[in-house]
Amino acid sequence: MTNPAPVLEIRGLHKSYGELEVIKGVDITAHKGDVVSLIGSSGSGKSTLLRMVAGLETVTEGEIAIDGRVVNNLEPAERDIAMVFQNYALYPHMSVFKNMAYGLKIRGLPADEIKARVDKAAAILELGDYLDRQPRQLSGGQRQRVAMGRAIVRDPGAFLFDEPLSNLDAKLRVQMRLEIHKLQSDLGVTSLYVTHDQVEAMTLGHRVVVLNGGRLEQIGTPTEVYENPASTFVAGFIGTPPMTLLDGVVGQDDHSVEVKDTNVILPVNHRLDVSRPVRIGVRPEQVLPDNGSAAQSLPVTMVEVTGADQIVHMQAGGERFNARLPRGHEAANTSEFRFSVRPEHVAVFDQSTGLAV
């Protein structure tokens, strides 16, 4: 059985403003129904990349193809995409119905088809009772649903989401995230989703693209990116709190690493080059309380209660080392925390390149 043709292909994409290169050779492929989350620190190029796919920015080098058609030189309206913006971008003087119908009217669709499409989208988004209202009469969450409805009625080949939930409060973001997830499952439309929120990226994306300075640092499923970061950048960027990263020296048995400036020795799951300086990474939830004879120990500097969990902050030489425990766990109530880490939970990176070993 052959794989279906990609809906969206980004091949060797570059973007420069004069001598400043902001996108540096990015490749992404998305098939029917895929949600690809783009995440990175401020200035990483994620919104620029999305705008290039939308046709709002020109391509310096490389190709963008939608349904097998290279769209580099096509206008946004010719690309069979629909974009949902951070600021809703609704017409304030138009009703909800007219906002959702406007793009279809411009395309010259018959009035009865426009009404059928708007009514269907309104039913999906639970906006049927608000079609006669103007945007100022709606809540932030309702306005964002109208913006999504305007995209749905176009029946596009791909959705482009540009941080659509960042203007909402925390409670509304959770609600809208669930609604977008259900919407995506129901419609099965290919989507690029730009966000600075890790939870959005991990829960909505079938795959996560981590950008760093315009380069694709890693692409993979949320589980792959979280559990097997390709570099120290990804390890330190994904996760709250992020993976603890510590310089170390490979032990003579080549299956352990001694953490710099401490007596802590952590086992690893594969052989290492004893001559290579390394940096190790451990997720806080993988640091387990242990009072056994082989346990490691570090001084506790602070215990931070975050609700259901508590974060035990420790000092490892000149760097931090964290453990995540259930709230109230007795192991946190000590001046020195005794722990162990299983070998398969210790990530190892080359100290000079930052890449996973």
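These numbers come from a predicted model, not from an experiment.

S.K.: An account of the packing of helix α2 (residues 96–106) against helix α3 (residues 111–124) is requested, with residue identities and associated values reported.
M.R.: For any two helices packed against each other, the geometry comes down to the angle between their axes and how far apart the axes lie. Contact geometry of α2 with α3 gives a least axis separation of 10 Å together with a crossing angle of 135°. By the angle class used here, α2 and α3 are oblique. Here α2 and α3 pass one another in a crossing that is right-handed. Here F97, M100, A101, L104 and K105 of α2 lie close against α3, whose contacting residues are I114, K115, R117, V118, D119, A121 and A122.

S.K.: Give a description of the packing of aromatic side chains that names residues and reports values.
M.R.: Where two aromatic rings form a pair, the distance of their centres and the angle of their planes describe that pair. All told, the structure shown has six aromatic pairs when counted by the stated rule. Ring centres 5.2 Å apart and planes at 35° place the aromatic pair F321 and F339 in the tilted group. Of the two residues, F321 is situated in strand β18 (residues 319–326) and F339 in strand β19 (residues 336–340); the sequence distance between them amounts to 18 residues. A residue is classified by how much of its surface remains accessible, and F321, at 1% relative accessible area, is buried.

S.K.: Outline the pairing of strand β8 (residues 190–194), supporting the account with residue identities and numerical values.
M.R.: Taken across its five residues, β8 has five buried, putting it largely inside the fold. Every second residue of β8 is oriented toward a common face, with T190, L192 and V194 on one face and S191 and Y193 on the other, all of them buried. In this structure, strand β3 (residues 35–40) lies alongside β8, joined through four bridges in parallel fashion. In the strand pairing of β8, S37 is matched with Y193. Of the pairings in the sheet, the one linking strand β7 (residues 158–162) to β8 comprises five bridges and is parallel in character.

S.K.: Quick one: what's the story with the sheet that holds strand β5 (residues 69–70), residue by residue and with numbers?
M.R.: Here we have four strands laid out as an open sheet, ordered β2-β1-β4-β5, and antiparallel in their pairing. Each edge of the sheet is formed by a strand with only one pairing partner; in this case those strands are β2 (20–30) and β5. The pairing of strand β1 (residues 8–17) with strand β4 (residues 61–66) spans five bridges and is antiparallel. Note on β4: the bridge partner recorded for L8 is I66. Helix-sheet contacts for helix α1 (residues 46–54) involve β1, β2 and β4, and the interaxial angle to β1 is about 115°.

S.K.: I'd like to hear about empty space enclosed by the protein, residue by residue, with values.
M.R.: To find leftover empty space, one rolls a probe the size of a water molecule over the atoms. Counted under the stated rule, the structure contains one cavity of 30 Å³ or more. As a volume, the largest cavity reaches approximately 40 Å³. Together, V35, F161, I180, H181, Q184, S191, Y193 and L204 line the largest cavity. Every element with two or more residues in the lining of the largest cavity is listed here: α5 (170–187) and β8. Considering each element in turn, the lining of the largest cavity owes the most residues, three residues, to α5.

Rules behind the numbers
Along each chain, numbering runs from 1 in the same order as the chain's sequence is written. Owing to the predicted nature of the model, reporting of local features is limited to residues with pLDDT of at least 70; listing and counting of side-chain atom pairs is limited to 80 or more, with chain, interface and lining totals taken over all residues. Computation of side-chain values: all heavy atoms of the structure, hydrogens and water removed. In this analysis an axis means a line fitted to C-alpha atoms, helices contributing only their contacting stretch, and an angle means the value between N-to-C directions, from 0 to 180 degrees. Helix numbers and strand numbers start at the N terminus; a helix is a DSSP run of H or I with at least 4 residues, a strand a run of E with at least 2. Roughly parallel here means an angle under 35 degrees, roughly antiparallel means over 145, roughly perpendicular means 65 to 115, and every remaining angle is called oblique. Handedness of a helix crossing follows the sense of rotation of the near helix relative to the far helix, less than a right angle counterclockwise being left-handed and clockwise being right-handed. The contact criterion used is simple: two residues touch if any of their non-hydrogen atoms lie within 4.5 Å. Each Phe, Tyr or Trp ring, with Trp reduced to its six-membered ring, pairs with another whose centre is within 6.5 Å; inter-plane angles below 30 degrees give stacked pairs, above 60 give edge-to-face pairs, and intermediate values give tilted ones. Categorising residues by exposure relies on relative accessible area from a 1.4 Å probe, with only protein chains included: less than 20% of the type maximum marks a residue as buried, more than 50% marks it as exposed, and the intermediate range marks it as partly exposed. A pair of strands counts as paired when DSSP detects no fewer than two bridges linking them. Put simply, the grid is 1 Å and covers the protein atoms alone, a cavity is a trapped set of points that fit a 1.4 Å probe, a pocket is an open set with protein on both sides within 12 Å along at least five of seven lines, and lining residues have an atom within 4 Å of a point. Grid points are joined across faces, edges and corners, and a volume is the space filled by probe spheres set on the points.

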